[in-house]
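# Chain and residue survey
Chain residues, written in single-letter form:
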Amino acid sequence: MKTELHNYDIYPKVVLEGEETRVTIRSLGRHADFNQGETYRVRIYPMNQSNEDFSREKWQLDVTAEIKEISFTYRFEEEQEYNLVIWDSAGNCKAELRLYCVKEDLYSLVPLMGDLHVHSFRSDGREAPEIVAANYRKAGFDFMTVSDHGLKYPSHEAIDSYKDVKLNLLIVPGEEVHTPENKVHVVNFGADISVNDLYRQHREQYDREVEEICRGLQDMDEENRFQYAASVWAFNQIRENNGLAIFPHPHWITGRCYHIPLKLVRSFFENRVFDAFELIGGQTLHENAMQINLYHQLCMEGCSCPIVGSSDSHGTVNSEWFQIGKTVVLARENSRDAIIDAIKDYKAAALEQYAWTNGEKRPRVYGPFRIASYVEFLLNEYFPLHDELCREEGRAMKDYVNGVDGAKEELEYLQERTRRMLGKYLR
């Protein structure tokens, strides 16, 4: 966390475009205190207007300090990041802080950190579903799913483990779908049914429906026809049952080649048979780079689609995949439907970070420029503070499922703290 966030609290951190807003900057320790009665100059630098004359009256205010804080009213006129530089009466720079101005459509939304592709020990992960969930909250996540191979019930195990306590972490039902004789994987995020159970329980019906899809694909290469049809069947079942159908990791290297033939990948994109593409899907820098470059190429060809970042995590303790991929969603609330709607509406960014293998201190951000710019700000100015509370909640969640006395009460207390922080900084 950057030094300024340790020394000063600025709120709100996000303001509405064109509306006069009261901004407060408060010191967090005597070493950073403002001198009561001293006049400080606040210079405001809009980050996207570097050719402006910032000495003009429009961009600076003189503010008299109160005990431990200064505050002022200002109208931020354009959506962008603003740099606020505070000078004391002797001309010394005391602090440099940031806030972000957004239009109404983003101002009404909540930033949420999530992972849509996660495994537990019920398939090939390491920890129990409820422990996976606790460790995700501890790491700063607002929503996640357990998407075990061929199994949806582990995600419900995680949900049921916390059914008697309020959480700030949303655990969404999920699974990784493996239809018979089809090497294409499909991620089911949030559907009301298990697609794996559906084809197992109704195999003859599944075979008929896939064959019917195949009959309409006479122009497709025969080698890809069945895999395309079986995948479309799975995507359709997820979408028809209120879930988000995600196409994951086409450039995962399995054996000596990529997981899915390029022709098949292109067919999925050209026909938009899925809801979101897993741009970042864990594992190696090379594999993710291939997916990023393919996505850019397909967008140039008119095949854009919503993107997400996921870790495909198989362990949350001393694991090199954990947190490689994440998604920041700007949603109306932390609920399954709101998250899915936001992703479909391109109000999400995919994050990539190789902290374990390369020691990277912050993630790369991919997404529409407007969304990515805002998310970059949030990663610097909001999420570090958010994550401090999440660490406490994650520890309390693990205590709760392990039967530690007082953990339920602690979780309820921490939930209220997180709610207050959100209202202070963002709304």
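Scroll up to find the structure.
Residues numbered from 1 in each chain as written. Predicted model: local features only at pLDDT ≥ 70, side-chain atom pairs only at ≥ 80, totals over all residues. Heavy atoms only, no water.

The helix and strand tally for the chain stands at 14 helices and 21 strands. Dimensions of the chain along its principal axes, counting C-alpha atoms only, are 80 × 55 × 35 Å. Across the 427 residues in the chain, those meeting the buried criterion constitute 55%. In the chain, of all internal contacts separated by at least 6 residues, the share reaching a separation of at least 24 is 68%. In the form shown here, the chain has an accessible surface area of approximately 18,700 Å², with 45% of it arising from carbon and sulfur atoms. Across the chain, the 50 positively charged side chains and the 70 negatively charged ones have centroids separated by 3 Å. (Helix = DSSP H or I, 4+ residues; strand = E, 2+ residues; numbered from the N terminus. Buried < 20%, exposed > 50% of the residue type's maximum accessible area, 1.4 Å probe, protein only. Contact = heavy atoms within 4.5 Å. Areas by Shrake-Rupley, 256 points an atom, 1.4 Å probe, with all protein chains shown as cover. Lys, Arg positive; Asp, Glu negative; His and termini not counted. Charge placed at Lys NZ, Arg CZ, Asp CG, Glu CD.)

This brings us to the pairing of strand S6 (residues 69–75). In terms of residue burial, S6 counts as a mostly covered element, since 5 of its 7 residues are buried. Where strand S3 (residues 20–27) meets S6, 7 bridges bridge the pair, whose relative direction is antiparallel. Bridge assignment links Ile-25 to a residue of S6, and that residue is Ile-70. (Pairing = 2+ DSSP bridges.)

On to the sheet that holds strand S19 (residues 325–331), then. In space, the 6 strands of this open sheet follow the order S11-S10-S9-S19-S20-S21, with mixed pairing throughout. The two strands at the open ends of the sheet, each matched to only one other strand, are strand S11 (170–172) and strand S21 (364–366). Averaged over all neighbouring strand pairs, the angle between strand axes comes to 25 degrees, with direction disregarded. Of the strand pairs in this sheet, strand S9 (residues 110–115) and S19 are connected by 5 bridges, and their pairing is antiparallel. Directly across from Met-113, in S19, lies its bridge partner Val-328. (Axes fitted to C-alpha atoms, helices over the stretch in contact; angles between N-to-C directions.)

Regarding helix H10 (residues 336–344), the residues found buried are Ala-338, Ile-339, Ile-340, Ala-342 and Ile-343. Positive phi appears at Tyr-346, one or two residues downstream of H10, with a value of about 65 degrees.

A word on the pattern of salt bridges. One pass over the full model with this rule turns up 30 salt bridges. Residues Glu-96 and Arg-98 are paired through a salt bridge, measuring 3.9 Å at the closest nitrogen-oxygen approach. Among the salt bridges present, the one from Asp-221 reaches Lys-263, with a minimum N-O distance of 3.2 Å. Here Lys-263 lies in helix H8 (residues 262–271) and Asp-221 lies in the loop between helix H6 (203–215) and helix H7 (222–240), a separation of 42 residues in the sequence. (Salt bridge = Lys/Arg side-chain N within 4 Å of Asp/Glu carboxyl O.)

Taken together, Lys-138, Arg-391, Arg-395 and Lys-398 make up a surface patch of like positive charges. The leading source of residues in the positive patch is helix H13 (residues 383–401), at 3 residues. Along the chain, Lys-398 turns up in helix H13. (Patch = residues over 30% accessible without salt bridge, like charges linked within 9 Å, V, L, I, M, F, W, Y side chains within 5 Å.)

Below, the discussion takes up the side chain of His-117. By the secondary structure assignment, His-117 is in the loop between S9 and helix H3 (129–138). Only 3.4 Å separates the side chain of His-117 from the side chain of His-119, close enough to count as a polar contact. Residues contacting His-117, with those up to four places away along its chain left out, are Thr-145, Ser-147, Glu-176, Val-187, Pro-248, His-249, Glu-278, Ser-310, Ser-311, Asp-312 and Ser-313. (Polar contact = N/O pair within 3.5 Å; in protein donor to acceptor, adjacent residues only side chain to side chain.)

It is worth spelling out the layout of surface pockets at this point. Reported here for the largest pocket is a volume of approximately 720 Å³. When contributions to the lining of the largest pocket are tallied by element, the ones reaching two or more residues are helix H11 (355–358), helix H12 (369–381) and H13. Of the residues belonging to the lining of the largest pocket, the class tally is 12 nonpolar, 6 polar and 9 charged. There is about 430 Å³ of room inside the second largest pocket. Along the wall of the second largest pocket there are 24 residues; nearest its centre are Leu-112, Leu-167, Asn-168, Leu-169 and Asn-334. Elements represented by at least two residues in the lining of the second largest pocket include exactly S9, S11 and helix H14 (407–425). Broken down by element, the residue count for the lining of the second largest pocket peaks at 5 residues, all from H14. Partitioning the lining of the second largest pocket into residue classes produces 13 nonpolar, 5 polar and 6 charged. (1 Å grid on protein atoms, 1.4 Å probe; cavity = no way out; pocket = protein on both sides within 12 Å on 5 of 7 lines; lining within 4 Å. Points joined across faces, edges and corners; volume = space filled by probe spheres on them. Nonpolar A, V, L, I, M, F, W, Y, C, P; charged D, E, K, R; others polar.)

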